[in-house]
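Summary of structural features
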There are 2 protein chains.
Amino acid sequence: MSEPPDFSNWSCPIPLRDYPAIVMGHGGGGKLSAELVEHLFLPAFRNDALANLGDASIVPLAGQRLAISTDSFVVRPLFFPGGSIGDLAVNGTVNDLAVSGARPLYLTVGMILEEGLPIASLARIANDMAKAAQTAGVQIVTGDTKVVEKGHGDGCYVNTAGVGLVSVDTDIGPTRAKPGDIILVSGTIGDHGTAIMSVREGLEFQTTIRSDTAALNYLIERLLKAGGSAIHVMRDPTRGGVASSLNEISLASNVGVVLEEKAFPVRSEVRAACELLGLDPIFVANEGKVLVFVADSRAAAVLEAMRSDPLGRDSAIIGRVVDQHPGMVVAHTSIGASRVVAMQIGEQLPRIC
Amino acid sequence: MSEPPDFSNWSCPIPLRDYPAIVMGHGGGGKLSAELVEHLFLPAFRNDALANLGDASIVPLAGQRLAISTDSFVVRPLFFPGGSIGDLAVNGTVNDLAVSGARPLYLTVGMILEEGLPIASLARIANDMAKAAQTAGVQIVTGDTKVVEKGHGDGCYVNTAGVGLVSVDTDIGPTRAKPGDIILVSGTIGDHGTAIMSVREGLEFQTTIRSDTAALNYLIERLLKAGGSAIHVMRDPTRGGVASSLNEISLASNVGVVLEEKAFPVRSEVRAACELLGLDPIFVANEGKVLVFVADSRAAAVLEAMRSDPLGRDSAIIGRVVDQHPGMVVAHTSIGASRVVAMQIGEQLPRIC
């Protein structure tokens, strides 16, 4: 085997905003993350499936369409109101497969444990993963565990990868949004990120804010049945929240997005916490919500299907796709003004998932 | 969603050697790793595919047999003679699929980066992954990047998961070793672990010891063609080396293994380094070698096929399967004595892969 090429003088074709080293924002799901993908990973790994940049990749396999997805989880703390890194890791990959139109089937689990993690914590995480997998109807079929020295981890990092099948007539993806599409969200926004930040900051409210971590595959099956081919795009707005997901989709489809701020479903305690923390719920991570772009003709039917599912009770229409200002998301505020909802550069909330 | 059960007083049905917390040995691929799997993960995740404990899981998918595997890599240093964490991560998962009899097809990549990692290092790692994938004929189709604060990682941890297809007539697995089987190894042992330790300890020899990291899928295709259904077990002896792999197989198949120490192919510089470091090459990790259990009748043909491949030039017959001492590996030493080659409790070499 020959020596690897010398990268000591390596420089990026388009500089990564002149950062010579990784900063927290490279993991934030905003512009810096996107630049790392666009200017470093894509040129290296170049292939059609990867270039599609969906939540999962869809590849041919023995005459079928296989969806594959992976996600690492570094959330802190490991346990929080409404869930743990265990639920999150299972639901996150299940949802990435489901929003690509796939039926999730099998998961893998890779654990990086830090020396000193109590065995009882690991057992609780494994148990949470098992229960989440059972709820989602998927099987955890293989795993791997590595241990790193104290001071080189943070208790437990979890990677899940998953596969599922996409039926031949499903064609859902971030490039398929069309002017006229109605944009729905399956419930209240900002719950997960606010729950995590409230725990970290020791905030207390009358009601404990709980993460919304949940597997969306059955809800999505239901709305696919109601919407059929009128459903053009689905995405789970995790890191970077609804704002980042909509920006990505508007860019990928080269369309404009118009939002109605007063239509956003936001819990009152989440709104209060966001005000205290200086956050905007539209940028805050969700772990059990899906955004759906659907042709106007089927929007009412899809909304009804969503609301009939316990996980979609608070579903709402929050905006629409226009052919003006392609690649840009504009929100009509509650006081009648308009503002551009730009993608964040770095990250509002570190290590949220 | 209901509260997770209270595991604060959780105790394992069979105590994990009374460790209340994770120790480095839980990641060493020895007995402690096995206990974590057996007493913690298996009871939690319980299902048939997982219980099989192969390098990859083989599951039904649309009338096909899909192999799935995952591995996290925490090797330090990130770059070493003969390779990097990038090659290692691709080759490791390719090999886990290949030794299960699968043709590896698609990989996912999950990165956990530590704040401060030079972008140039990340670019070099991505490039190594891309080249390794190309050499192995697999595609990296999706990925994820997370960033953790300085002091909560070690530059870069990489997870790869992969899928491949197993042909219907292939039946290879750790439970299928039979008395009379001949055991082959595809080349010199202990190269990878010794290379890593030599770098860490600053040892210098006349020849630099290089990691053997390599994708074995084409070599394995060749030997499957030569051996057919006479090939009963294949395994890549990584963490814990040849000794741990053979112990696992002898236990899983409930057979005895007899080795001839003088038949082990070991490079002279590896032997010298192992003597200096107090290591036994049979316990040292390999990253480009496969152990093959084949019926006596086809052993010569398989050995010839292995040797005709550049990656199998130094292949050798190192032992055989017997019906005595089931679950135990015994080595005939070069001075004519016999010794039991027991599985290690913890780990000889931390963070070797």
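Structural notes, computed from the coordinates.

Rules behind the numbers
Residues numbered from 1 in each chain as written. Chains lettered and ligands numbered in written order. Predicted model: local features only at pLDDT ≥ 70, side-chain atom pairs only at ≥ 80, totals over all residues. Heavy atoms only, no water. Helix = DSSP H or I, 4+ residues; strand = E, 2+ residues; numbered from the N terminus. Rg over C-alpha atoms; globule rule 2.2 N^0.38 Å. Buried < 20%, exposed > 50% of the residue type's maximum accessible area, 1.4 Å probe, protein only. Contact = heavy atoms within 4.5 Å. Buried area = accessible area lost by both parts, 1.4 Å probe. Salt bridge = Lys/Arg side-chain N within 4 Å of Asp/Glu carboxyl O. Nonpolar A, V, L, I, M, F, W, Y, C, P; charged D, E, K, R; others polar. Pairing = 2+ DSSP bridges. Axes fitted to C-alpha atoms, helices over the stretch in contact; angles between N-to-C directions. Expected span 1.5 Å × (residues − 1).

1. Observations concerning the overall build of chain A
Along the backbone of chain A there are nine helices and 14 strands. For 353 residues, the compact-globule estimate of 2.2 N^0.38 gives 20 Å, and chain A sits close to it at 20 Å. On the principal axes, the C-alpha backbone points of chain A span a range of 55 × 55 × 45 Å. Taking all 353 residues of chain A together, the buried fraction comes to 62%. Excluding contacts between residues fewer than 6 apart, the proportion of contacts in chain A whose partners are at least 24 apart in sequence is 83%.

2. As for the interface of chain A and chain B
Each side of the interface is counted separately: chain A has 89 residues, and chain B has 89 residues. Summed over both sides, the interface of chain A with chain B buries roughly 7800 Å², with 67% coming from carbon and sulfur. Area buried by chain A at its contact with chain B is led by I22(A), I119(A) and K146(A), which between them contribute 9% of it. Taken together, the connections running from chain A to chain B amount to eight salt bridges. Close ionic contact of K146(B) with D71(A) constitutes a salt bridge, the shortest N to O distance being 3.2 Å. Broken down by secondary-structure element, the contributors of at least two residues to the side of chain A that touches chain B are helix 1 (31-45), helix 2 (48-51), strand 1 (57-61), strand 2 (64-73), strand 5 (102-114), helix 4 (119-136), strand 6 (139-148) and strand 7 (156-166) of chain A. By residue number, the principal contributor to the side of chain A that touches chain B is helix 4 of chain A, which donates 11 residues. Of the residues contributing to the side of chain A that touches chain B, the split by class is 51 nonpolar, 22 polar and 16 charged.

3. Considering the sheet that holds strand 14 (residues 338-340) of chain A
Residue and element names in this part refer to chain A. Taken in spatial order, the seven strands of this open sheet run 9-11-8-12-10-13-14, and their pairing is mixed. What marks the edges here is a single partner per strand, and that holds for strand 9 (231-235) and strand 14. Strand-to-strand twist in this sheet, taken as the mean axis angle between neighbours without regard to direction, amounts to 25°. Taken together, the four bridges between strand 10 (residues 256-260) and strand 12 (residues 316-322) define a ladder with antiparallel strand orientation. Among the inter-strand pairings, L259 is bridged to a residue of strand 12, identified as G319. Lying on the sheet, helix 6 (residues 217-227) is in contact with strand 9 and strand 11 (291-294); it crosses strand 9 at an angle near 165°.

4. Re helix 7 (residues 241-253) of chain A
All names here are of chain A. Here helix 7 contains 13 residues, and its C-alpha end-to-end distance of 19 Å stays within 8% of the 18 Å for a straight helix at 1.5 Å per residue. Burial analysis of helix 7 places 10 of its 13 residues in the buried class, the great majority of the element. Here helix 7 has its buried residues at G241, V242, A243, S244, S245, L246, N247, I249, S250 and S253. Along its buried surface, helix 7 packs onto strand 8 (182-185), strand 9, strand 10, strand 11, strand 12 and strand 13 (329-332). Phi turns positive, to about 55°, at N254, one or two residues after helix 7.

Nothing here speaks to function; it is all geometry.
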